[in-house]
Amino acid sequence: MDRRTASLAVAVGAGFCGTALLARARLVGDGAAQPGSLLISAAGAMLGLTTCWAQAFRQQHGDARVVIEKGGAMPAYIAARRGVIDLAAMTRPLTDAEDDASAHHYLVAKGQIGIVVNRASPILDLGRQQLQALLTGAAANWREVGGPDMPVQVVARGLGTSARQFAEEVLLAGGDFAPAASEYDRAADVVAAVGAHPGGIGAIALRGERLPPAVRLLAIDGVGATRSTALSGRYPFAHGFYLLLYGAADGMRGDFLRYARSTAGQAIVAELGLIPVR
């Protein structure tokens, strides 16, 4: 199939892109991407950021047609390698097997997954193996990790959500949350449920928001979730957001990449509660 005749969704916007940008936009079906368009496949966790960049980019390039579709890391990598898309927006770097002389991936932002517990819990710090035992249900009582004699109540994002999939990949090395975990579609509901249950524990993407007083963040292996520990790599659940392209960073895709890494593009990163890298 010719890359310019693939049926994709044209993202004029998708969700909140900050007060300086359009507040909300729509997905419009399109049967054929036209010459001069930019084709991007974005991981679910990068869809909002990529769309906000696209909105601002189009304001600067009035004739630019930015086409965004949601896709996983492996399909996006394969599509970029085959020239089906211009850019892949990924939430992981390339593996050694994927990296070759023609592949270029650029760090454009960082994020963190925070572990929230009820404020009443005396646990301040967990090791990664302890955390995995709690979240998977292997440890069903807090006393198994040095806490009080109290059942663990795991709270997770809903099945099928990109946040759930991403948390399982990063926190649990591809494992599953406990079968008895309570599930919510919104991060705010995860936080509220943890705050309402003395034995609660949950995982959320940190976006710079102030957490309610009923919960607090745990340190992991003695390291708290802060901007500095994310940038230094010391916090174990900090992760990068990348733009990948094959070949030279030329034409519109080069312009988009440079915009994402520019002062203006990084301001959007910060406005969305992520961590700028430049």
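Residues numbered from 1 in each chain as written. Predicted model: local features only at pLDDT ≥ 70, side-chain atom pairs only at ≥ 80, totals over all residues. Heavy atoms only, no water.

An unreviewed UniProt entry lists the protein under the name PBP domain-containing protein, with Pseudoduganella armeniaca given as the organism.

*Asks:* Teacher, can you tell me more about the nonpolar core here?
*Replies:* The tendency in soluble globular proteins is for nonpolar side chains to be buried side by side. Counting residues in hydrophobic clusters, the biggest one holds 31 residues, and the most contacted among them are Leu 131, Leu 171 and Ile 201. Those elements giving two or more residues to this core turn out to be strand S6 (103-118), helix H3 (128-136), strand S8 (153-157), helix H4 (162-171) and strand S10 (200-206). Sequence-distant contacts of Leu 131, that is, excluding residues within four places in its chain, are made with Ile 115, Leu 126, Leu 171, Ile 201, Ile 220 and Phe 237. Of all hydrophobic cores here, the second largest spans 28 residues; its members include Met 46, Cys 52, Leu 87 and Val 269. (Core = buried A, V, L, I, M, F, W, Y, C linked by side-chain atoms within 4.5 Å. Buried < 20%, exposed > 50% of the residue type's maximum accessible area, 1.4 Å probe, protein only. Helix = DSSP H or I, 4+ residues; strand = E, 2+ residues; numbered from the N terminus. Contact = heavy atoms within 4.5 Å.)

*Asks:* Help me understand the packing of helix H1 (residues 47-60) against helix H8 (residues 263-271) in this model?
*Replies:* To describe two helices that pack against each other, one gives the angle between their axes and the distance between the axes. Direction vectors running N to C along H1 and H8 enclose 140 degrees, while the axes themselves pass 10 Å from each other. As the angle between them shows, H1 and H8 are arranged oblique. By crossing handedness, the relation of H1 to H8 is classed as right-handed. Only Gly 265, Ile 268 and Val 269 of H8 make contact with H1, whose side of the interface consists of Leu 49, Cys 52, Trp 53 and Ala 56. Its residues placed into classes, the contact of H1 with H8 shows six nonpolar, one polar and no charged. (Axes fitted to C-alpha atoms, helices over the stretch in contact; angles between N-to-C directions. Parallel < 35°, antiparallel > 145°, perpendicular 65-115°, else oblique. Left-handed = near helix turned anticlockwise from the far one by under 90°. Nonpolar A, V, L, I, M, F, W, Y, C, P; charged D, E, K, R; others polar.)

*Asks:* Would you take a moment to explain helix H2 (residues 73-82) for this structure?
*Replies:* In an α-helix there are 3.6 residues to a turn, and that puts residues three or four apart on one side. Within the span of H2, buried status applies to Ala 73, Ala 76, Tyr 77, Ala 79 and Ala 80. Projection of H2 onto a plane perpendicular to its axis shows the buried side chains occupying an angular sector of 165 degrees, all on one side. Away from its buried face, by an angle of more than 90 degrees, H2 presents the exposed residues Pro 75 and Arg 82. For H2, the elements touching its buried residues are strand S3 (37-42), strand S5 (87-90) and strand S13 (238-246). Remark: Gly 83 follows H2 within two positions and exhibits a positive phi of approximately 80 degrees. (Arc of directions from axis to C-beta.)

*Asks:* For this particular structure, what's the right way to read the packing of H1 against helix H7 (residues 251-260)?
*Replies:* The N-to-C vectors of H1 and H7 enclose an angle of 115 degrees; their axes lie 10 Å apart at closest approach. Comparing the axis directions of H1 and H7 gives the class roughly perpendicular. Remark: the crossing between H1 and H7 carries right-handed chirality. Each of Thr 50, Trp 53, Ala 54, Ala 56, Phe 57 and Gln 60 in H1 lies in contact with H7, whose residues at this interface are Met 252, Asp 255, Phe 256, Tyr 259 and Ala 260. Looking at the contact of H1 with H7 residue by residue, the classes come out as eight nonpolar, two polar and one charged.

*Asks:* Please clarify how the pairing of S3 should be interpreted in this entry.
*Replies:* Remember that side chains alternate between the two faces of the sheet whenever the strand is regular. In terms of residue burial, S3 counts as a mostly covered element, since six of its six residues are buried. Neither face of S3 is left uncovered, since the one carrying Ser 37, Leu 39 and Ser 41 and the one carrying Leu 38, Ile 40 and Ala 42 both have all their residues buried. With six bridges joining them, S3 and strand S4 (residues 65-70) adopt parallel strand pairing. Following the sheet pairing, Leu 38 is matched in S4 by Val 66. Regarding the hand of the β-α-β motif, the stretch spanning S3, H1 and S4 is right-handed. Both S3 and S5 contribute to a ladder of three bridges, which runs parallel. Looking at S5, one finds that Ser 41 is bridged to Ala 88. (Pairing = 2+ DSSP bridges. Right-handed = clockwise from strand over helix to strand, strands pointing away.)

*Asks:* Would you take a moment to explain the pattern of salt bridges for this structure?
*Replies:* A side chain with one charge may pair with a side chain of the opposite charge, provided their charged atoms come close. In total, this model carries eight salt bridges according to the counting rule given. As a salt-bridge pair, Arg 143 and Asp 149 come within 3.4 Å of each other at their nearest N and O atoms. The residues Arg 143 and Asp 149 share a single accessibility class, namely exposed. The closest approach of N and O atoms between Arg 164 and Glu 183, which form a salt bridge, is 3.4 Å. Taken together, the positions of Arg 164 in helix H4 and Glu 183 in strand S9 (residues 182-184) put the pair 19 residues apart, joining distant regions of the chain. The exposure class of Arg 164 is buried, given its relative accessible area of 5%. Here the salt bridges do not stand alone but share partners, grouping Arg 164, Glu 168 and Glu 183 into one network. (Salt bridge = Lys/Arg side-chain N within 4 Å of Asp/Glu carboxyl O.)

*Asks:* What's the story with the side chain of Arg 92 in this structure? I'm lost.
*Replies:* With respect to the helices and strands, Arg 92 occurs in the loop between S5 and S6. A residue is classified by how much of its surface remains accessible, and Arg 92, at 18% relative accessible area, is buried. Reaching out from Arg 92, the side chain makes a polar contact with the side chain of Glu 98 at a distance of 2.9 Å. Ignoring sequence-local partners within four residues, the contact set of Arg 92 consists of Ala 73, Met 74, Glu 98, Gly 240 and Tyr 242. (Polar contact = N/O pair within 3.5 Å; in protein donor to acceptor, adjacent residues only side chain to side chain.)

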